[in-house]
Amino acid sequence: MKRANVTVDKDFVIAKTEDTLFSSFVEPLGRCIYGGLYEPGHPTADEDGFRQDVMDYVKPLNLTMNRFPGGNFTSTYRWEDGIGPKEKRPRRAEVAWQCIETNEFGLDEFAKWSKKAGSDVMMTVNLATRGVLEAMDCVEYCNFKGGTYWSDRRRENGFEEPFGYKYWCLSNEVDGVWQVGQKKPYEYGLLAKEASKGMKLIDPDIKTVLAGTSSRWSQTFPEYDATALTEAYDFVDYLSIHHYIGNYDGDSASYLAKPISTNTYFDQAAAAIKYVKTKLKSEHDVYISFDEFNTWHNIMQEERFEEKWRIAPPLLEDIYTAEDALALGGMLLAVLRHADVVKIACVSELANCISHIRTRNEGGAWVLPAYYSWLHYSQFGRGTAMQTMVKSDSYDCAEAKDVPYLDAQAIMQDNGDVVLFAINRSLDEQLDLNMSLRGFEGSFEVTRHIVLTADDPKATNTEVDPLNVVPTENGNAKCSGSTVTAQLDKMSWNVIYLTAVKE
Ligand code: AHR
């Protein structure tokens, strides 16, 4: 059996975890919206065409906000296409995903859907092929009370009260050659600054997000980020970064080690921000907005070009399995571990494409194993991220040397309870966990030990077998004094809930 020790001290905290860390991303891509969130005529659709079977999986995630509408989709999007009477909306050739966009679901529908889901919206404006004025118009439509052209258009469209969207992305991945409207960093930095300035003059309460490099493997990272930020630093509030990981070559041991690179990416992006702040001698703080991340195996598959100009075809619908629950889980723990610098995190995407919530058109909805690590993160990740010191047996793999079998992160809940998230990366052995709690008053008792595991890393859930890989409360964690012990199943995701005992 492998062994690992964990130490958590009450005095050593990282930061509070912001509510905005519990967010997602919705793009009119494939069947994310059409056939996912929205399918008029579906047996579970409500009066707005919103699928309630999907809503039933979304609501427990308690998402603070959903980023919309992109994504690559944004780079040629006209937000005005998605407002007002549906019959007047234009059909467009949507070039990012090579589909026909009917615009039946747009900004107005997403406002309604989000309200019903209990979430806020994080809007992305198009600065790739449009300009500052269109971005300001969008803020005026969404957030201005009334008495102006765009705010009155909103009211005519049935929304008397402003939406009051607080978070605004200044375009998406404009560093990428795959975007129409790709920008050099200096050019983009200037544009982002002017857009942010104009948008904040319409609504001074908004926060804006500068689009950084789309991948840490990009040749231009972190130079692109630092150059663009240098132009816009005092005018923006967040730097956006994106990260997808996948099991590209069937090597599960390496795959489970990949979230280590998420941690490195945060450190590097935070260093770029700090460098610019230092260079400019600014008092202002910019934080990381990790507004797209997930597992994505067929990232290089250009399926969008296989058959063009379809309406809502099934795109980017990888089969995700039990091992993805640990891979996404590892990325989520990296987010919590960097709660001092990462303040927004949006799991990409909410339904069907690159998603762990799945549907069949006219059929059922079900969830894949990684849905549960995301759910637990959202249920138990709110509070204070604690420094979590891990000393673990380790392994070597193609991805990295000396990979600890244990990945762990503790969160102190606002009521004083402590939750330990723990991943056993070993594909074939249990892990003997010993956790010391230091400096806490009173004692704890283990009230839950949730375990998600499977004998086969490729086990998954389907519409006909939706409960094949689900969490159980079967864990064996025990607490005695200030020590918690547990045997973690091979290849498992664990949540150990320690209730503070009042003495
Ligand atoms: O989530 C799919 C795509 O991945 C997004 O549209 C884009 O921003 C990223 O490259």
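The structure displayed is predicted, hence computed values, not measured ones. (Residues numbered from 1 in each chain as written. Predicted model: local features only at pLDDT ≥ 70, side-chain atom pairs only at ≥ 80, totals over all residues. Heavy atoms only, no water.)

Peer 1: Honestly, the site of the ligand in this entry has me stumped. Any pointers?
Peer 2: Around the ligand, a shell composed of 14 residues is seen, among which E27, N72, E173, E292 and E349 lie nearest. Here an oxygen atom of the ligand sits 2.7 Å away from a polar atom, N or O, in the side chain of E173. Take E292: an N or O atom from its side chain is 2.7 Å from an oxygen atom of the ligand. Relative to its unbound accessible surface of 280 Å², the ligand loses 94% to contact with the protein. Under a 2 Å grid-point criterion requiring more than half of the atoms, the pocket assigned to the ligand is the largest pocket. Residue composition of the shell around the ligand, grouped by class: six nonpolar, four polar and four charged. (Near = heavy atom within 4 Å. Polar contact = N/O pair within 3.5 Å; in protein donor to acceptor, adjacent residues only side chain to side chain. Areas by Shrake-Rupley, 256 points an atom, 1.4 Å probe, with all protein chains shown as cover. 1 Å grid on protein atoms, 1.4 Å probe; cavity = no way out; pocket = protein on both sides within 12 Å on 5 of 7 lines; lining within 4 Å. Sits in = over half its atoms within 2 Å of the grid points. Nonpolar A, V, L, I, M, F, W, Y, C, P; charged D, E, K, R; others polar.)

Peer 1: Would you explain the layout of surface pockets in this entry?
Peer 2: Rolled over the atoms, a probe sized like a water molecule indicates the empty space that remains. Considered as a void within the structure, the largest pocket measures approximately 750 Å³ in volume. Looking at the largest pocket, it is lined by 38 residues, and the ones nearest its centre are E173, W178, Y244, W296 and I299. Counting residues per element, the lining of the largest pocket draws most heavily on strand β9 (residues 238-245), at four residues. Taken together, the residues of the lining of the largest pocket sort by class into 14 nonpolar, 13 polar and 11 charged. (Points joined across faces, edges and corners; volume = space filled by probe spheres on them. Helix = DSSP H or I, 4+ residues; strand = E, 2+ residues; numbered from the N terminus.)

Peer 1: I would appreciate a short explanation of helix α2 (residues 107-117) in the present structure.
Peer 2: Side chains three or four residues apart in an α-helix point the same way, a direct result of the helix having 3.6 residues per turn. With respect to burial, α2 is a largely interior element, eight of its 11 residues being buried. Looking at the buried side of α2, the elements it contacts are α1 (52-58), β3 (65-68), β6 (120-125) and α3 (132-143). Looking one or two residues beyond α2, the residue adopting positive phi is G118, at roughly 75°. (Buried < 20%, exposed > 50% of the residue type's maximum accessible area, 1.4 Å probe, protein only. Contact = heavy atoms within 4.5 Å.)

Peer 1: Could you clarify how one ought to interpret a nonpolar patch on the surface in this entry?
Peer 2: There is a patch of nonpolar side chains on the surface, built from V95, V180 and W309 and spanning about 240 Å² of accessible area. When you line up the elements, W309 lands in the loop between β10 (287-295) and α9 (322-337). (Patch = residues over 30% accessible without salt bridge, like charges linked within 9 Å, V, L, I, M, F, W, Y side chains within 5 Å. Salt bridge = Lys/Arg side-chain N within 4 Å of Asp/Glu carboxyl O.)

Peer 1: Explain the pattern of salt bridges here, please?
Peer 2: Two side chains carrying opposite charge are able to pair once their charged atoms lie near each other. Here the structure, examined in full by the defined rule, presents 29 salt bridges. The shortest N-O distance in the salt bridge between K277 and D285 comes to 2.7 Å. Note on K277: relative accessible area 24%, which makes it partly exposed. For E307, the salt bridge identified is with R310, shortest N-O distance 3.9 Å. A relative accessible area of 23% means that R310 is categorised as partly exposed. A single network of salt bridges, built from pairs that share partners, joins D46, E47, D48, K112 and K116.

Peer 1: Looking at this structure, how should I read the environment of V132?
Peer 2: Within the secondary structure layout, V132 lies in helix α3. The spacing of V132 and G198 is 66 residues in sequence and 7.1 Å in space, taken between C-alpha atoms.

Peer 1: Looking at this structure, how should I read the pairing of β3?
Peer 2: On a regular strand, each side chain points to the face opposite its neighbour's, so the side chains alternate between the two faces of the sheet. Of the two faces of β3, the one carrying M65 and R67 and the one carrying N66 and F68 are both buried. Note: strand β2 (residues 23-25) against β3, two bridges, orientation parallel. Its bridge partner being in β3, F25 is matched across the sheet by R67. Sheet analysis places β3 next to β6, joined by four bridges and oriented parallel. Looking across to β6, one finds that R67 is bridged to M122. (Pairing = 2+ DSSP bridges.)

Peer 1: Whenever I open this one, the packing of α3 against helix α5 (residues 185-202) confuses me. Can you help?
Peer 2: Angle between the axes and distance between the axes are the two parameters that describe a pair of packed helices. Interhelical geometry of α3 versus α5 gives an angle of 30° and a closest axis separation of 9 Å. On the basis of their axis angle, the class for α3 and α5 is roughly parallel. Between α3 and α5 the crossing geometry is right-handed. Note on element contacts: α5 touches α3 through L191, E194, A195, G198, M199 and I202, opposite V132, A135, M136, V139 and E140. (Axes fitted to C-alpha atoms, helices over the stretch in contact; angles between N-to-C directions. Parallel < 35°, antiparallel > 145°, perpendicular 65-115°, else oblique. Left-handed = near helix turned anticlockwise from the far one by under 90°.)

Peer 1: I'm lost on the packing of aromatic side chains in this one. Help?
Peer 2: Here a ring pair, both rings aromatic, is described through the centre-centre distance and the interplanar angle of the planes. For the coordinates displayed, the defined rule picks out 27 aromatic pairs. Their ring planes at 65° and their centres at 6.2 Å tell us that F50 and F105 sit as a pair that is edge-to-face. Of the two residues, F50 sits in the loop between β2 and α1 while F105 sits in the loop between β5 (99-101) and α2, which places them 55 residues apart along the sequence. You'll find F50 and F105 in the same group, each marked buried. For the ring pair F163 and Y165, a centre distance of 5.2 Å and an interplane angle of 25° mean the geometry is stacked. Comparing F163 with Y165 shows no difference in burial state: the two are buried. Each member of the aromatic cluster is reached from another via a ring pair, and the members are Y34, Y38, F50, F68, F105, F110 and W113. (Phe/Tyr/Trp six-rings, centres within 6.5 Å; stacked < 30°, edge-to-face > 60°.)

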